[in-house]
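Observations on chain architecture
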Amino acid sequence: MAEGGGDHRTPEAEADEPPTDAALSADHGADRDRRPVDGEEAEALGHGHERGRRRGGLAAAVAVWAATRAVLLLCVFKVFTLPGPDVTSDISVIYRGWFEVLRTGTFPFDDVTWQYPPAAALAVLSPGALPLDYASAFFVLACATDAVAFGLLLYGGARPGGRRAGAWAWVAGVPLLGPTAYARYDLMVTAVAVAALLAAARHPRAAGALAAFGAMLKVWPVLLLLGMPRGRWTRRSWVTALVTVLVLSAAFVAAMPGAFAFLGFQRDRGTEVESLGSLVFHVARHYGWEGQVLLNYGSVEFLGPYVNVVSDAALLLTALAFGWLLLWRLRAVEWHAGTTADAALTAVLLFTTTSRVISPQYMIWLVGLAAVCLTVRGSRQTVPALLVLVATGVTLLEFPLWFAHVVASDWQGIFVLSLRNGLLVAASLLACAGLWRATVPRRGAREAGADGSGEPTPPRGERLLAG
């Protein structure tokens, strides 16, 4: 024993002693930490990383949505103002005037600027439910509707076969149009259309009812049903849509006089200065054309020689577009997961591009449909959807920023209008080509049959969507 009672063991003695329980436990833990990770644990770790990545992407999307919408609200509440016409005056003057008439129980059937189906009265009357002045209440409701559409796209992207690109397209596309997005009721119609398309994959009757309600708001959502798969899906959605339209029409006719007076006002519209056909007169003004630019039937239109010819040509183009869509419907054989949304975007692109009127707010329709296409992994419309987003940004330049140049038909106005309309034409043609290639087999394949049996390939849309 050494002095002081210390334990001075040699290294050899320590090596001869058995290991303690604590040492054994530590060595076992170290071995456990060093052992290979099996497949189940690796998969669990991978899922954890994926969930973390998705949560981070969701937080980023929500943050960007909130920031951009705050800017839009600051614009419509005139904390910030953009150059050009006041885009909010339609709400504070025109919509407010309609509100005062509608609240008496009748439609403004003697006002040629009222050019909307009867359910549009609900959108115009809805701000009266909030304890705010009319314009402020409308902007708040527009933002709330925007949030609902954003939430629907996030939900659709989280479903099997979905992706979050559609929600990001909505986050970016709405503010690209500027304050006009919140200063028209088209955003509310688009939210209904988004809901209808997202419901189409599993609930055809709900899709039909929503599309019909959207059509009673602003007609164009009826085109959403064009791409429903043949068979049960088409019958259920189309019959439901027809019944919904009939019931709503009867209710409005019985409750409020003048429900369908808007049909006559639409018939008398001319060539609006932002339409595709208007480019003829923008250029012609530099070569002596003697027409005028005037406010007519609620929009800024060309009036003068040959305007009726160009307007009739636009109607002919629209009829040809409708004929192509019917031909596609008859020839289409293969339905994939994105066909319904792809057909909806294609149809609305064609009718918007060939219309006598392309108001800036029409771009919101296309942004919503493009967002749904980008939500579905099976969509073939990625490039047209991106072109729609670019065209929406150019539309902000066209209206309100450079609208004075457009009305003056100077070269700056002609350039921006040609660019926007050219993008719409390109998106329309590419959308048609993509839809046709994805659903209509080549002649040889159609005659031989995809399974080599000599029989045409049967439609598979219902099985794809139901699965």
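Just above sits the structure.
Residues numbered from 1 in each chain as written. Predicted model: local features only at pLDDT ≥ 70, side-chain atom pairs only at ≥ 80, totals over all residues. Heavy atoms only, no water.

**Focus on the overall build of the protein chain**
The helix and strand tally for the protein chain stands at 20 helices and 3 strands. Taking all 467 residues of the protein chain together, the buried fraction comes to 47%. Considering only intrachain contacts with a sequence separation of at least 6, the fraction spanning at least 24 residues in the protein chain is 76%. (Helix = DSSP H or I, 4+ residues; strand = E, 2+ residues; numbered from the N terminus. Buried < 20%, exposed > 50% of the residue type's maximum accessible area, 1.4 Å probe, protein only. Contact = heavy atoms within 4.5 Å.)

**A word on the side chain of threonine 375**
Residue position: threonine 375 is located in helix α15 (residues 362–375). Engagement of the side chain of threonine 375 in a polar contact is seen with the backbone oxygen of alanine 371, the distance being 2.8 Å. (Polar contact = N/O pair within 3.5 Å; in protein donor to acceptor, adjacent residues only side chain to side chain.)

**Quick notes on the sheet that holds strand β3 (residues 299–303)**
Reading across the sheet, the 3 strands line up as β1-β3-β2 and stay open at both edges, with antiparallel pairing between neighbours. Since the sheet does not close on itself, it has two edges, and those belong to β1 (271–272) and β2 (292–296), each with one partner. With 5 bridges connecting them, β2 and β3 associate as antiparallel partners. Looking at the pairing, leucine 294 lines up with glutamate 301 of β3. (Pairing = 2+ DSSP bridges.)

**Comments concerning the pattern of salt bridges**
Summed over all chains, the structure comprises 7 salt bridges. A salt bridge links aspartate 90 to arginine 184; the shortest N-O distance between them is 3.5 Å. Of this pair, aspartate 90 sits in helix α4 (residues 89–102) while arginine 184 sits in the loop between α7 (165–176) and α8 (186–200), and the two are 94 residues apart along the sequence. Looking at aspartate 90, the relative accessible area reads 23%, which means it is partly exposed. Arginine 184 sits in the buried class, given a relative accessible area of 7%. When salt bridges with common partners are traced through the structure, they connect Arg96, Glu100 and Arg103 into a single cluster. (Salt bridge = Lys/Arg side-chain N within 4 Å of Asp/Glu carboxyl O.)

**Some points on the packing of helix α13 (residues 307–331) against helix α18 (residues 411–439)**
α18 packs onto α13 with a crossing angle of 15° between their chain directions and a minimal axis gap of 10 Å. Of the possible angle classes, the one that applies to α13 and α18 is roughly parallel. The two elements α13 and α18 meet at a crossing, and its hand is left-handed. Residues Trp324, Leu327, Trp328 and Arg331 of α13 lie in contact with α18, whose contacting residues are Cys432, Leu435, Trp436 and Thr439. Partitioning the contact of α13 with α18 into residue classes produces 6 nonpolar, 1 polar and 1 charged. (Axes fitted to C-alpha atoms, helices over the stretch in contact; angles between N-to-C directions. Parallel < 35°, antiparallel > 145°, perpendicular 65-115°, else oblique. Left-handed = near helix turned anticlockwise from the far one by under 90°. Nonpolar A, V, L, I, M, F, W, Y, C, P; charged D, E, K, R; others polar.)

**Observations regarding the packing of aromatic side chains**
The final tally for this structure, using the stated rule, is 22 aromatic pairs. Here the aromatic rings of phenylalanine 107 and tryptophan 114 are separated by 6.0 Å at their centres, their planes lie at 45°, and the arrangement is tilted. For tryptophan 114, a relative accessible area of 0% puts it in the buried group. Residues tryptophan 328 and tryptophan 335 carry aromatic rings whose centres are separated by 5.9 Å and whose planes lie at 50° to one another, so their mutual orientation is tilted. Assigned by exposure class, tryptophan 328 and tryptophan 335 land together as buried. Taken together through their ring pairs, the aromatic side chains of Phe77, Tyr95, Trp98, Phe107, Trp114, Tyr116, Phe138, Phe139, Tyr185 and Phe252 make up a single cluster. (Phe/Tyr/Trp six-rings, centres within 6.5 Å; stacked < 30°, edge-to-face > 60°.)

**Concerning helix α14 (residues 339–353)**
Over its 15 residues, α14 extends 21 Å from the first C-alpha to the last, a length consistent with the 21 Å expected when each residue adds 1.5 Å. Counting buried positions over the 15 residues of α14 gives 14, a clear majority of the element. (Expected span 1.5 Å × (residues − 1).)

**Things to note about the packing of helix α9 (residues 204–218) against helix α10 (residues 232–255)**
How two helices sit against one another is set out by the angle between their axes and by the gap between those axes. The N-to-C vectors of α9 and α10 enclose an angle of 40°; their axes lie 7 Å apart at closest approach. Here α9 is positioned oblique relative to α10, judged by the angle of their axes. Regarding α9 and α10, the two cross each other, and that crossing is right-handed. Residues Pro204, Arg205, Gly208, Ala209, Ala212, Phe213 and Met216 of α9 form the contact with α10, whose participating residues are Trp233, Arg236, Ser237, Thr240, Ala241, Thr244, Val245, Leu248 and Ser249. Of the residues that constitute the contact of α9 with α10, the class distribution is 9 nonpolar, 5 polar and 2 charged.

**A look at the environment of asparagine 296**
One can find asparagine 296 in strand β2. In this structure asparagine 296 comes out as buried when scored by relative accessible area, which is 19%. In this structure the C-alpha to C-alpha distance between asparagine 296 and threonine 271, which are 25 residues apart in sequence, comes to 9.8 Å. Once you skip the residues sitting within four places of it in the chain, asparagine 296 turns out to touch Glu301 and Leu303. Reaching out from asparagine 296, the side chain makes a polar contact with the side chain of glutamate 301 at a distance of 2.8 Å.

**Describing a nonpolar patch on the surface**
A cluster of nonpolar side chains, namely Leu74, Phe77, Val79, Phe80, Leu132 and Val140, defines an oily patch on the protein surface of about 510 Å² accessible area. As for its position among the elements, valine 79 is in the loop between α3 (39–76) and α4. (Patch = residues over 30% accessible without salt bridge, like charges linked within 9 Å, V, L, I, M, F, W, Y side chains within 5 Å. Areas by Shrake-Rupley, 256 points an atom, 1.4 Å probe, with all protein chains shown as cover.)

**Some points on the pairing of β3**
In this structure, β1 lies alongside β3, joined through 2 bridges in antiparallel fashion. Its bridge partner being in β3, glutamate 272 is matched across the sheet by glutamate 301. Linkage of β2 to β3, two consecutive antiparallel strands, is achieved through a turn of 2 residues, within which tyrosine 297 is found at a positive phi near 50°.

**Quick word on unusual backbone geometry**
That bond from phenylalanine 399 to proline 400 is cis: its omega, 10°, falls within 30 degrees of zero. Structurally, proline 400 is set in helix α16 (residues 382–401). One non-glycine residue, valine 219, lies in positive phi territory at about 65°. A positive phi angle, near 60°, is found at serine 409, a position not held by glycine. Within the element layout of this structure, serine 409 appears in the loop between α17 (403–408) and α18. Residue serine 409 is classed as buried on the basis of its relative accessible area, which comes to 1%.

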